[in-house]
Amino acid sequence: TVTPSANINATQQPGDGYELIDSRPTLFDKKSRNEVPISVEKFLHLNEKSVWNQSAPVVVEILVELRSSPTARWVREPLELANRLQVGDFIDAQDNAHKWYEAIVRELTPETVRVHYFGWASKWDGVLPRRKGVGPKNISPPAALWTHTTPWREKIKVGDEVEVRESASLVQRPKWYKATVIAVSREFDSPREIAGGADLEQNDENEKGEKVPLVLLSRKRQILVRVPQEKHNVSTTVQPVGNTDGNIPIQPPYVRWINLYGEEVCKANTHNTAKKQTNTAPATVSYAVEPERKPVTVMKSFNNIHGTGFVRESLRGVPPAPGSVGLHNLGNSCYMNSILQCINHIPSITQYFLKGEYQKEVNKNNPLGSGGKVATAYASFLNDIWTGEYSILAPRLLKQIVGCYAPQFNNNYQHDSQEFHQYLMDGLHEDLNRVKDKPYVEDVEALGMKDDRAAIESWKKHLLRHDSLFVDYTQGLHRSHLTCPSCGKESIKFDVYSSISLPLVPSKNRPSIPLEDCLDQFAAGEQLDEHNAWYCSGCKKHVCALKLITLWNTPDVLVLHLKRFTYEKCSQVDGRIIRSKIEDKVDFPIDRLDLTPYVLGPKDPDAPPIYKLFGVSEHTGATANSGHYTATVRNSKDGNWYRYNDSHVGTTSGDAAVTGGAYLLFYQRAKGSLRWAGMEKEMMQHKGGFTDAEGWTAIGKKR
């Protein structure tokens, strides 16, 4: 065993490098294909980079063992490493596919060794036999570090290719990109700031006992890498954070420093096997759904099989943009695909699932939920969408799980995308509801109360039964004022909403309907029909009351439902319901929808009710339960617009979505963010600090 004297201790420490060049003094002879003995002088010369690369003289200790004949086995050879293994030692370890990787010892038993393969998620940790003949079969025992793998990091140089983790990768599900080394630090350089990289598992401890990412042999060299596939993640509004010695601008995650001996980097082709690509240009085809609609370009992935044939399984390939993946139609499931494409680009919700934060909030005992199954299936769907490994997905598992708990979708019929959106958002909310035991609460009658107090009391009642990320950012309050047309009895209540249904009033004098007209009509009120009659306590009967709804506040994510479909009873056809559709184009803004005139409650100047469009669920056909659904969506990563027609993904523009087919409009607050649509700030700032019997104090402590 040869080691620098600086590493020789009376008691060897785990992972101290003592085993680095522990090896039989042999070389592999290519001609005879056998190991041949070498001299001690030759052996030391081969390891001079590890041993002699120091300015001070080095003391070498050599342990010599004699054997009875040149062909006899070394007595200590099979036992040496197995006997001295300790938790924390770095070794070479074989996996189930008989490939060798750098690894660290995690657990030891008399017969087995549990190892963590360096650069792989801990879910791939393996169990090896401690020595031959015991423990798992067909797998070799651990070997000294770099006896079956290569110390490739020591030879790293500018221009080399490596693999690095995608900056947005999940800890347990990393995605790897090709990167080029553009600078290499020296061994004793001051460490650079590590910024913009992926989240790593906390597999080691520092001097303070704090959990930190694992670093091989505690070595501190760093490399500067350029990751072409991360270029789209660099914000155009953020200036480079610094320069290297060669004046290369640092732009995480596109150009960033990483630890050479950390788990964020691997040797080229470790995870992504090199494949020969014949045609790397996306295939394109143009089509137009409506005569007046401008053609859009449908992009195929690089595997040249995007949308081909009748395959209904997920297809691997590079999508046109991160998160822009086509979805197979599984049998009239375009209504589902349309909604999934829109809500996929709500950053707050998507990141909540991708980072695994939802797992600690799964409510398995909520009778109104699925025990977390819908939430888990949706998380799996998002993980597949954002890995960058698929050009087309078949969301079969999600559809099956939804169908189990919402039987109306457990078939191959066409459905209303608005109804599916409502179910999915409600289902995810109930699966992730932080309230485990829902108390009984009564509605707040706001007649005679000040609006601000009535709104707060109503919201507090809501939070006693509903508290989730979806409540935080997708729900708001509106003020409902009912008046009996007979006796004048009134009722005012503040109700929670997650979408706003806007009436459409076509005009023969105009080619389109301005969205402002729809909002004005919504705010003007209506008289309820007999199917939605209100019980008047004064008249002691149900009446067709006058109803006036006013928005009290608006959430960060706002969904506008354009009521295109009408249902009227026709007396001339045996009282049958006649369905029809309003095909008129609604002119809605793309980059600035100002709802300030329509909001009755307080407005926050740091997060005003001004919105940007990011998605449109579109419908062509006569009724909501027939025809075809598509989607036009602004990608949350690159900011570009894409049109989704099931498995086809095409580049387009936001203006192209302004058609007679626009059905659901998805808007995101353009500036700032308000939890609970601003109710959190209202409750904290309200003078009086009242605490009702249900207890706002308890809610505050829970949060």
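Since the model is a prediction, treat every value here as computed from it, not as a measurement.

A. Unusual backbone geometry, seen in detail. Following Pro252, the chain continues into Pro253 via a peptide bond in cis, with omega recorded as 0°. The residue Pro253 is located in the loop between strand 14 (249-250) and strand 15 (255-259) in this model. Phi is positive for His98, close to 65°, though the residue is something other than glycine. Tracing the chain through its elements places His98 in the loop between strand 3 (90-94) and strand 4 (100-108). One non-glycine residue, Asp646, lies in the positive phi region at around 55°. With respect to the helices and strands, Asp646 occurs in the loop between strand 37 (641-645) and strand 38 (648-652). In this structure Asp646 comes out as buried when scored by relative accessible area, which is 11%.

B. Up close: the sheet that holds strand 15. In spatial order, the strands read 15-12-9-8-16; together these five strands make up an open sheet with antiparallel pairing. A single partner strand is all that each edge strand has here, and the edge strands are strand 15 and strand 16 (265-267). The mean inter-strand angle of the sheet, taken between neighbouring strand axes irrespective of direction, is 45°.

C. Just the confidence of the model for the protein, in detail. Per-residue pLDDT for the protein has a mean of 82; in total, 78% of the residues score no lower than 70. At the low end of the mean pLDDT range in the protein sits strand 17 (residues 284-287), at 39; at the high end sits strand 39 (residues 662-669), at 98. pLDDT under 50 marks residues 293-311. Its contacts with residues more than four places away, or in other chains, come to 57 contacts.

D. Region of interest: the sheet that holds strand 7 (residues 143-144). Taken together, the five strands give an open sheet; going across it, the order is 6-5-4-3-7, and neighbouring strands pair in antiparallel fashion. Each edge of the sheet is formed by a strand with only one pairing partner; in this case those strands are strand 6 (126-129) and strand 7. With five bridges connecting them, strand 3 and strand 4 associate as antiparallel partners. Bridged to Ala93 within strand 4 is Tyr101.

E. Summary view of the side chain of Arg153. Inspection of the secondary structure puts Arg153 in the loop between strand 7 and strand 8 (161-165). Excluding its chain neighbours within four sequence positions, the residues that come into contact with Arg153 are Glu102, Phe118, Leu216, Arg221, Leu260, Tyr261 and Val265.

F. Up close: the state of the cysteines. Applying the stated criterion across every chain, the model contains zero disulfides. Considering cysteine sulfurs only, Cys539 is the nearest to Cys484, which forms no disulfide, with 3.6 Å between them. By relative accessible area, Cys484 is classed as buried at 3%.

G. Representation of the nonpolar core within the structure. Grouped together as the largest cluster of nonpolar side chains are 56 residues, with contacts concentrated most on Phe353 and Tyr378. Among the elements that take part in this core, helix 6 (residues 373-386) stands out by supplying nine residues, more than any other. Ignoring any residue separated from it by four or fewer positions in sequence, one finds Phe353 in contact with Tyr358, Ala375, Tyr378, Ala379, Leu382, Leu428, Leu432 and Phe470. In this structure, Tyr497, Ile500, Leu562 and Leu593 belong to the second largest nonpolar core, which totals 31 residues.

H. Summary view of the pattern of salt bridges. With the rule as written, the count across this model stands at 27 salt bridges. The closest approach of N and O atoms between Arg114 and Asp125, which form a salt bridge, is 3.5 Å. Here the residue Arg114 occupies a position in strand 5 (residues 112-117), and Asp125 occupies one in the loop between strand 5 and strand 6, the gap between them amounting to eleven residues. By relative accessible area, which is 29% here, Arg114 ends up partly exposed.

Reading the values: rules and limits
Residues numbered from 1 in each chain as written. Predicted model: local features only at pLDDT ≥ 70, side-chain atom pairs only at ≥ 80, totals over all residues. Heavy atoms only, no water. Helix = DSSP H or I, 4+ residues; strand = E, 2+ residues; numbered from the N terminus. Buried < 20%, exposed > 50% of the residue type's maximum accessible area, 1.4 Å probe, protein only. Pairing = 2+ DSSP bridges. Axes fitted to C-alpha atoms, helices over the stretch in contact; angles between N-to-C directions. pLDDT = per-residue confidence, 0-100. Contact = heavy atoms within 4.5 Å. Disulfide = S-S within 2.5 Å. Core = buried A, V, L, I, M, F, W, Y, C linked by side-chain atoms within 4.5 Å. Salt bridge = Lys/Arg side-chain N within 4 Å of Asp/Glu carboxyl O.

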